[in-house]
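# Topology and contacts: notes
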Amino acid sequence: MKVHVYTDIDTLFGRACRVWMDTLLDAGHDVEFIDLGTHTDAPLPSVGAADVNLLVAGIYALPRFAKYGLPRHGKHVLWMFDPLTSNEASVHRHKAGLFDALAPNLHAVMAMDSSIERYVAQHCPTLAVFYLPYLVAGKHVRAPLAEAKRNRDIIMLGGDTPRRREAEKRFLASPASGAAEFIWSGMWGAARDACRAGSRISLSIHADAEHTYFDQFRAFETWALGTAVVSDHFEGWEDFGIEPGVHMAMAAPEDMPSVCAELLADVPRREAMVQASQQLLRERFSPAAWHARMLSMIESVA
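Residues numbered from 1 in each chain as written. Predicted model: local features only at pLDDT ≥ 70, side-chain atom pairs only at ≥ 80, totals over all residues. Heavy atoms only, no water.

## As for helix 5 (residues 162–172)
As a reminder of what qualifies: Under the scheme applied here, a residue whose accessible area is under 20% of the maximum for its type counts as buried, over 50% as exposed, and between as partly exposed, the area being computed with a 1.4 Å probe on protein chains only. Secondary structure is summarised from DSSP: a helix means a run of H or I of at least four residues, a strand means a run of E of at least two, and numbering begins at the N terminus for each. Within this analysis, the arc is defined by the directions that extend from the helix axis to the C-beta atoms. Throughout, a contact is declared for two residues whenever any of their heavy atoms are within 4.5 Å.
If you check which residues of helix 5 are buried, you get Arg-164, Ala-167, Glu-168 and Phe-171. The buried residues of helix 5 occupy an angular sector of 105° when projected down its axis, which confines them to one face. Seen from the buried face of helix 5, the exposed residues on the opposite side, beyond 90 degrees, are Pro-162, Lys-169 and Leu-172. In this fold, the buried residues of helix 5 make contact with strand 7 (152–157), strand 8 (180–183), strand 9 (199–204), helix 7 (216–224) and helix 8 (256–265).

Right, here's the structure in full:
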C-alpha cells in the first residue's frame, strides 16, 4: 500500500507518526510523511495519490480539514488523542465539534481510550473504530537522570485554564512542596524533553472537572524520559495496567503540594516509580506489542 501519514504538530506528534512509519515500512508498505504545520487557514498541500491517509491530527489540522476537506485520494483514518465530549461546560467540547464536522468523511477512527470509543459509537455508529493507545518506541525510553543532575523540582506543562491556575496558587502557597513551575506554552521538541527529563516530578492536571481522562500522551512521554508523574484522579487506570502508588501518584489538585513534598523527600520511591512505569511502557505500550494489530487495522480499512 501507499500510505500518507499527516500531522500538524511535528514537535508534539512526530514520534507517534514515526511509530506508524516504522511499522508500515517494516511490513513493506510505501510511506510518506506530510507535515501540515500549524496553519489553520490554508489548503492542503498537493501530493500524489495514496491508498490510506493516516491522520495524526490535533487542534490545527482538524479545523483545516473541516474547511478545506480531507486529502483527495484514499481512505481516511484518524488516530485521535484529544478527548471527545458533548458536555458543553467542558473546555474540550470544541474538539468534539471539530471531530463531528469531519466524521462523515472518515473511514475509521483509532481511539486512544474507551471514552473516545464510546463517543464514536454513540455519535457516529456507522464509523469503524479501533482501540490504539499512545505508543512509545523503545529507543525513546531513556535511562533516568541521576538526582544530582536534575535542575527542577516540579513542572506542569499544559494549556492555561482556571482549574490549573488554582492548582498553581496552591503550590505557591505551600513552599515546602518544592519549586513548582507551571509552563503554559512555548516549549516543544528537545526543550520540552529536557525540561521533563530534568524534573523530579511532572504534574498532570485536568483542564477542567467536567471531562476527566487519562492523559496518556503526557504521562507516557514523561515516563519515557525517566520522571515520576503525579496525576489528577481519573477513571479507568486499571485498563492501562496502572497501579496507583506504583506507577504514578494520584491526588486531587488541592492535595498535590503535600503529595509532592513527600515524593521530593523520598528519592528511592520516585526511582522505583520510574522503573515500574518504564517497564509498563516496554511491556504494554511499545510498537512491538501492537505491531500485528496496527497492520491489521490499516489493512482492514484499505
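## Remarks on the packing of helix 2 (residues 61–68) against helix 3 (residues 93–102)
The following threshold applies: For helices, the fitted line uses only the C-alpha atoms of the stretch in contact; every axis is such a line through C-alpha atoms, and the angle between N-to-C directions lies from 0 to 180 degrees. Handedness of each helix crossing follows the sense of rotation of the near helix against the far helix: counterclockwise by less than a right angle gives left-handed, clockwise gives right-handed. For this classification, Asp, Glu, Lys and Arg are treated as charged, while Ala, Val, Leu, Ile, Met, Phe, Trp, Tyr, Cys and Pro are nonpolar and the rest, including Gly, are polar.
Viewed as axis vectors pointing N to C, helix 2 and helix 3 meet at an angle of 35°, and their least axial separation amounts to 9 Å. The handedness of the crossing between helix 2 and helix 3 is left-handed. Residues Leu-62, Pro-63, Phe-65 and Ala-66 of helix 2 pack against Leu-98, Ala-101 and Leu-102 of helix 3. Split into classes, the residues belonging to the contact of helix 2 with helix 3 amount to seven nonpolar, no polar and no charged.

## Focus on the pattern of salt bridges
Put simply, the rule reads: When a carboxyl oxygen of Asp or Glu is within 4 Å of a side-chain nitrogen of Lys or Arg, the pair counts as a salt bridge.
Counted according to the given criterion, the structure contains 19 salt bridges. The shortest N-O distance in the salt bridge between Glu-32 and Lys-2 comes to 3.5 Å. Remark: Lys-2 occurs in strand 1 (residues 2–7) and Glu-32 occurs in strand 2 (residues 30–35); sequence separation between them is 30 residues. As a salt-bridge pair, Arg-270 and Glu-147 come within 3.0 Å of each other at their nearest N and O atoms. Of this pair, Arg-270 sits in helix 9 (residues 267–284) while Glu-147 sits in the loop between strand 6 (128–131) and strand 7; the two residues are 123 residues apart in sequence, bridging distant segments of the chain. Look at the salt bridges and you will find they share partners, linking Arg-15, Arg-142, Asp-193 and Glu-221 into a network.

## Side note on the pairing of strand 6
Worth spelling out the cut-off: When DSSP finds two or more bridges between a pair of strands, those strands are recorded as paired. If the strands point away from the viewer and the path from the first strand over the helix to the second runs clockwise, then the crossover is right-handed.
In this structure, strand 5 (residues 108–111) lies alongside strand 6, joined through four bridges in parallel fashion. Counterpart to Ala-111 in the pairing with strand 6 is Tyr-131. Handedness of the strand 5-helix 4 (residues 114–123)-strand 6 crossover: right-handed.

## Concerning the sheet that holds strand 6
By way of backbone hydrogen bonds, the strands of a sheet pair with one another, either parallel or antiparallel. Ordered by their spatial adjacency, six strands build an open sheet running 2-1-3-4-5-6, and the pairing between neighbours is parallel. Each having just a single partner strand, strand 2 and strand 6 make up the two edges of the open sheet. Neighbouring strand axes in the sheet, compared pairwise and without regard to direction, differ in orientation by 20° on average. Alignment of strand 4 (residues 75–80) against strand 5, held across four bridges, turns out to be parallel. Looking at strand 5, one finds that Met-80 is bridged to Ala-111. Strands strand 4, strand 5 and strand 6 of the sheet are contacted by helix 4, whose axis makes an angle of about 170° with strand 6. Packed on one face of the sheet, helix 10 (residues 287–301) meets strand 3 (52–56), strand 4, strand 5 and strand 6 and runs near 170° to strand 6.

In short, the description is geometric, and any link to function would need to be established separately.
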